[in-house]
Amino acid sequence: MMFQLDYASELLPILLKASLVTLAATLGGMALALVLGLALALLRRSPHAVLRRPASMFVEFVRSTPLLIQIFFIYYVLPLYGVRIPTVACGIVALGLHYATYTAEVYRAGIEAVPRGQWEAGRALSLPAYRIWRHIVLPQALPPVVPALGNYLIAMFKETPLLAVIGVHELLGTALQEASQTYRYYEPLTLVGLIFLAFSLVAALILRRVEVRLADRS
Amino acid sequence: METLFTTVIALIPRLLDGAVTTVAITLLTAPVAALLALIAGLARLSHVKAVAAAAVVYVELFRGTSLLVQLFFMFYVLPLIGIELSPWTTGIATLALNFGSYGSEIVRGALLAVPRGQIEAALVLHMPPSQVLRRVLLPQALPAMLPPFGNQLVELVKATSLLSLITISDLAFVGNALAQTTGRVTMVYVLLLLIYFAIAYTLTLAVRALERRYGAGATVAGAR
Amino acid sequence: MPTAPDAPRFTPPLNALKLTGIRKTFGGTTILSGFSLDVPEGQRLALIGGSGSGKTTVLRLIAGLERPDAGEIELFGRQLPYRRFAGRLVPDDPPEARELRRPIGMVFQHFNLFQHLTALENVIEAPIHVLGQPPAEARRAALALLDSVGLADLADRYPRQLSGGQQQRVAIVRALALKPRVLLFDEVTASLDPEKVAEVLAVIRRLAADDRVTMIIVTHEMGFAREVADRVVFMQRGVIVEDAPATAFFAAPQDPRSRAFLNLAS
């Protein structure tokens, strides 16, 4: 079977449009993962075991179970309890929750790398905990972990095709839908692969730039 | 409440069948992926330009695209160009290729992290390069590879769930089928998550034990 | 060079090493430019000079750990081929080149013992896997060597369980196990605690008594160089400033730079 360029060029605009959904899901998921991950990281450092323990268990549990099942869970189970959100939002929530457990670990590494003396200095000035976090620890902890967070952004981007299983018309879902109409899988799937490759390479290049910038600054 | 109990009892055996398949896929894939990681990791450090370039293409191709896209490509497109593989072969091959590409970076990093002086000592003892690699570099790099490979193993367990989408009746496949046929959606998915967690967590604990025994930082003397 | 069979010939003592016109630069910095040196067999040569004088580079070039940009290195009259390096984890050598280099042994400043092997395993590794000696024989020989440097009891220790001085003695034994004819010592006491220096120097001093082995010793220990070496080469910025018999050099260095260096070192 030959790769048909005509068909491929017909598909390309459709798929590029679908890639906007992929990008939106990625960015939405990442925004959630960044916020939720920070919350989890802070909870895990809480002096109160009632906060620390559940946060740790949540991280361990979500990290150890497949994103695919989590997507199904959110899509099929939540509506049974009255939580009705659009399909794309289900996907974003699943991605965000899953990757929050990864970003939480990244934040944790960043926070632990801040020297103890910084805390002690804050306490010596009798600053409240909130201000120590907000103005002393986090500003030092976050910049070094940007590249690691960037890696998870790229990883999440590559997991968005999973959203096709609940009917989100992102890249893969759209390609499969097209393929099911024409019975040609070669061109759509190859194009999806190439588009992913292109995005990933560009993202990797940007990330490397950011890393260099950060290295220059410090 | 007897209904809850009986439903769970009724569901468990079928889910466990699926779980056995999931574990089997993991255990079949992991050694292949590790071997590919080792080969690709070494190939990237090869002095033969073509070998190194081929390894880079392989690694970037599989790391740069999505596992699910790779899986569907292998499943739908390979037969069209005359390569007929069973879903099992397709699934395991794709997983192994994907994880091998990530693993090759671990191998490469660990090899490059062995202090330069170890190589120089081997060279002034007139060891041929293959021996330097086999008897000096790899034994020292392996402990550093253990923790990241352990993480990859947990990722692999999770990734096997994608094979349910190419008709393999693993845990995810059985679970989805049961959710539809029994209508016990919440229960099935909760059980599914718990079983996956049990598998992954068991592996995590096993890997940690292994690390304590042989990992970086463990006293070599302790192994005597 | 063809000579008439009956022509009278002067046969100089065989050179263990002959370096001719060696040039070496690192990233634009010239370390050696046109460096030449002959080392007769059995000589104990002390190579001295400040840091950055290029003395360690000379050793590393001889050992094949660096590749000269130009020039030739002969070992017992046979030219050593360059090792191929560019971008490799493990630099490569054709097998015949490894064969040619085999008479050379080297001991490093930082010992470089194999961390995953015991002292004994470090010593028998090359005899078994490079020379193909039977393990039992290699073991016996290694234990005898370890015993001769007072380490027989520590044969089963791993490097991290040994002091710096003990590690360095193991490293010397490891080099000796291959019965080298040329031994290179690269600042072997420089990273030792002062009280451990003596035990290592004692071992080298004993080795130096055997004049079948050619030794090139890069060192900062002037007292030691004076005692052990029969020739001193003083280097500065990649060139030989003074090359003299050890007794003469230490008694009355000719070049003002040598004098300044010796004054500073003592």
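Up top is the structure.
Here the structure is a predicted model, which means the values were calculated and not measured.

**Some thoughts on the interface of chain A and chain B**
- Contacts between the two partners involve 34 residues from chain A and, on the opposite side, 36 residues from chain B.
- Of the roughly 3100 Å² buried between chain A and chain B on both sides combined, carbon and sulfur atoms contribute 77%.
- A salt bridge links B:Arg208 to A:Glu60; the shortest N-O distance between them is 3.9 Å.
- Put simply, chain A and chain B have 8 residue pairs in polar contact (both at pLDDT 80 or more) between them.
- For the side of chain A that touches chain B, the secondary structure elements donating two or more residues are helix H2 (49–63), helix H3 (67–77), helix H4 (87–112), helix H7 (171–182) and helix H8 (186–217) of chain A.
- For the side of chain A that touches chain B, a count of residues per class yields 24 nonpolar, 7 polar and 3 charged.

**A few points about the pairing of strand S8 (residues 214–218) of chain C**
All names here are of chain C.
- Among the 5 residues that make up S8, 5 are buried, leaving the element largely enclosed by the rest of the structure.
- Of the two faces of S8, the one holding Thr214, Ile216 and Val218 and the one holding Met215 and Ile217 are both buried throughout.
- Of the pairings in the sheet, the one linking strand S3 (residues 44–49) to S8 comprises 4 bridges and is parallel in character. By the bridge assignment for S8, Leu47 is matched with Val218.
- Note that strand S7 (residues 182–186) and S8 share 5 bridges and pair parallel. Looking across to S8, one finds that Asp186 is bridged to Val218.
- Handedness of the S7-helix H6 (residues 194–208)-S8 crossover: right-handed.

**Considering the interface of chain C and chain B**
- Across the boundary between the two partners, chain C contributes 30 residues, which contact 31 residues of chain B.
- In total, about 2900 Å² of surface goes out of reach between chain C and chain B, with carbon and sulfur atoms giving 63% of it.
- Connecting chain C to chain B are 2 salt bridges.
- One salt bridge connects C:Glu125 with B:Arg135, and the closest N-O pair in it is separated by 2.5 Å.
- Taken together, the links from chain C to chain B amount to 12 residue pairs in polar contact (both at pLDDT 80 or more).

**Thoughts on the pattern of salt bridges**
- Going through the model one piece at a time under the given rule, you end up with 19 salt bridges over all chains.
- Linking A:Arg108 and A:Glu105 is a salt bridge whose minimum nitrogen-to-oxygen distance equals 3.3 Å. A residue pair is termed a helical-turn pair when its members lie 3 or 4 positions apart in one helix, as A:Arg108 and A:Glu105 do in helix H4 at 3 residues.
- According to the relative accessible area criterion, A:Arg108 is partly exposed, its value standing at 30%.
- Note that B:Arg44 and B:Glu105 form a salt bridge whose closest N and O atoms lie 2.7 Å from each other. Taken as a pair, B:Arg44 in helix H1 (residues 2–44) and B:Glu105 in helix H4 (residues 87–113) lie far apart in primary sequence, 61 residues in all.
- Its relative accessible area of 26% is what places B:Glu105 among the partly exposed residues.
- Each of A:Arg44, A:Glu105 and A:Arg108 takes part in a single network of salt bridges with overlapping partners.

About the cut-offs
- Residues numbered from 1 in each chain as written.
- Chains lettered and ligands numbered in written order.
- Predicted model: local features only at pLDDT ≥ 70, side-chain atom pairs only at ≥ 80, totals over all residues.
- Heavy atoms only, no water.
- Contact = heavy atoms within 4.5 Å.
- Buried area = accessible area lost by both parts, 1.4 Å probe.
- Salt bridge = Lys/Arg side-chain N within 4 Å of Asp/Glu carboxyl O.
- Polar contact = N/O pair within 3.5 Å; in protein donor to acceptor, adjacent residues only side chain to side chain.
- Helix = DSSP H or I, 4+ residues; strand = E, 2+ residues; numbered from the N terminus.
- Nonpolar A, V, L, I, M, F, W, Y, C, P; charged D, E, K, R; others polar.
- Buried < 20%, exposed > 50% of the residue type's maximum accessible area, 1.4 Å probe, protein only.
- Pairing = 2+ DSSP bridges.
- Right-handed = clockwise from strand over helix to strand, strands pointing away.

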